[in-house]
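As a plain string of letters, each chain reads:
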Amino acid sequence: MTEVDDNMASVRYIVDDVQAAIDFHTHLGFTLRTAHLPAFADVTRGPLRLLLSGSASSGARATPSDAATPGRNRIHLTVDDLDAEIERLRSAGLSFRSDVVAGPGGRQILFADPAGNLIELFTPAR
């Protein structure tokens, strides 16, 4: 078992297919830490650790059925060049759930992982 850094924040995502979730998140710059397929894997990016829990995992089994569907919560990933990142991900076959939105804090776009969990790419205003 790989030790978890105390400075790392962990977020559990309930996913339909753990391998598909690994493949997807590694496109976003996450690194695979452990994989116990088909039940569980965890990936990290900086201080964020995503717990990818399939239906056979203890995390998914502990989740009430009415709370297992993806909601409006999402992880927020800051990127230097939003347009370049959108182009890179589109060329890898990903599609987006929103258009780019600009506000006083910066620009952002939403897309979803294979299980429907939302991810926000964000570039701060300069």
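Preceding this section is the structure that the text describes.
Notes on the structure follow. (Residues numbered from 1 in each chain as written. Predicted model: local features only at pLDDT ≥ 70, side-chain atom pairs only at ≥ 80, totals over all residues. Heavy atoms only, no water.)

### Quick word on helix α3 (residues 82–91)
Given 3.6 residues to a turn, an α-helix orients residues that are three or four positions apart in the same direction.
Then, in step 1: Within the span of α3, buried status applies to Leu82, Glu85, Ile86 and Leu89. All buried residues of α3 lie within an arc of 100 degrees about the axis, which places them on one face of the element. Exposed side of α3, more than 90 degrees from the buried face: Glu87 and Ser91 are the residues found there.
Then, in step 2: Looking at the buried positions of α3, the neighbouring elements they touch are α1 (18–27), β7 (106–112) and β8 (118–124).
Then, in step 3: In this structure Asp81 caps α3, since a side-chain oxygen of it lies 3.2 Å from the backbone nitrogen of Asp83.
Then, in step 4: Once α3 ends, the next one or two residues include Gly93, with phi positive near 95 degrees. (Buried < 20%, exposed > 50% of the residue type's maximum accessible area, 1.4 Å probe, protein only. Helix = DSSP H or I, 4+ residues; strand = E, 2+ residues; numbered from the N terminus. Arc of directions from axis to C-beta. Contact = heavy atoms within 4.5 Å. Polar contact = N/O pair within 3.5 Å; in protein donor to acceptor, adjacent residues only side chain to side chain.)

### A look at the packing of aromatic side chains
Then, in step 1: A complete count under the given rule lists two aromatic pairs for this structure.
Then, in step 2: Taking 5.8 Å as the distance between ring centres and 50 degrees as the angle between the ring planes, the aromatic pair formed by Phe24 and Phe111 counts as tilted. With a gap of 87 residues between them, Phe24 in helix α1 and Phe111 in strand β7 connect regions that are remote in the sequence.
Then, in step 3: Seen in terms of ring centroids, Phe96 and Phe111 are 5.3 Å apart; in terms of plane orientation they differ by 70 degrees. Their pairing is edge-to-face. You can see Phe96 sitting in the loop between α3 and β6 (101–103) and its partner Phe111 sitting in strand β7, a full 15 residues away along the chain.
Then, in step 4: A relative accessible area of 14% places Phe96 in the buried class.
Then, in step 5: Residue classification places Phe111 among the buried residues on the basis of a relative accessible area of 0%.
Then, in step 6: Three or more aromatic residues link up through ring pairs in this structure, and these residues are Phe24, Phe96 and Phe111. (Phe/Tyr/Trp six-rings, centres within 6.5 Å; stacked < 30°, edge-to-face > 60°.)

### Focus on unusual backbone geometry
Then, in step 1: Note that the residue after Leu37, namely Pro38, is joined by a cis bond; omega there is 5 degrees.
Then, in step 2: Structurally, the position occupied by Pro38 is in the loop between β2 (31–36) and β3 (40–45).

### Description of the sheet that holds strand β5 (residues 74–78)
Then, in step 1: Pairing within the open sheet is mixed, and its four strands lie in the order β5-β8-β7-β6. Of all the strands in the sheet, just β5 and β6 have a single pairing partner and so form its edges. Averaged over all adjacent pairs, the angle separating strand axes in this sheet is 25 degrees, with direction ignored.
Then, in step 2: The sheet strands contacting α3 are β7 and β8, and the helix crosses β7 at an angle near 15 degrees. (Pairing = 2+ DSSP bridges. Axes fitted to C-alpha atoms, helices over the stretch in contact; angles between N-to-C directions.)

### Focus on the pattern of salt bridges
Then, in step 1: Inspection of the entire model under this criterion finds four salt bridges.
Then, in step 2: For Arg33, the salt bridge is made with Asp42, and the minimal N-O distance between the two is 3.2 Å.
Then, in step 3: Using a relative accessible area of 2% as the deciding quantity, one classes Asp42 as buried.
Then, in step 4: In this structure, Arg49 and Asp42 form a salt bridge, with 2.7 Å as the shortest nitrogen-oxygen distance. Of the two residues, Arg49 and Asp42, both sit in the buried class.
Then, in step 5: Shared partners join several salt bridges into a network, and the residues in it are Arg33, Asp42 and Arg49. (Salt bridge = Lys/Arg side-chain N within 4 Å of Asp/Glu carboxyl O.)

Coordinates in, geometry out; function isn't part of it.
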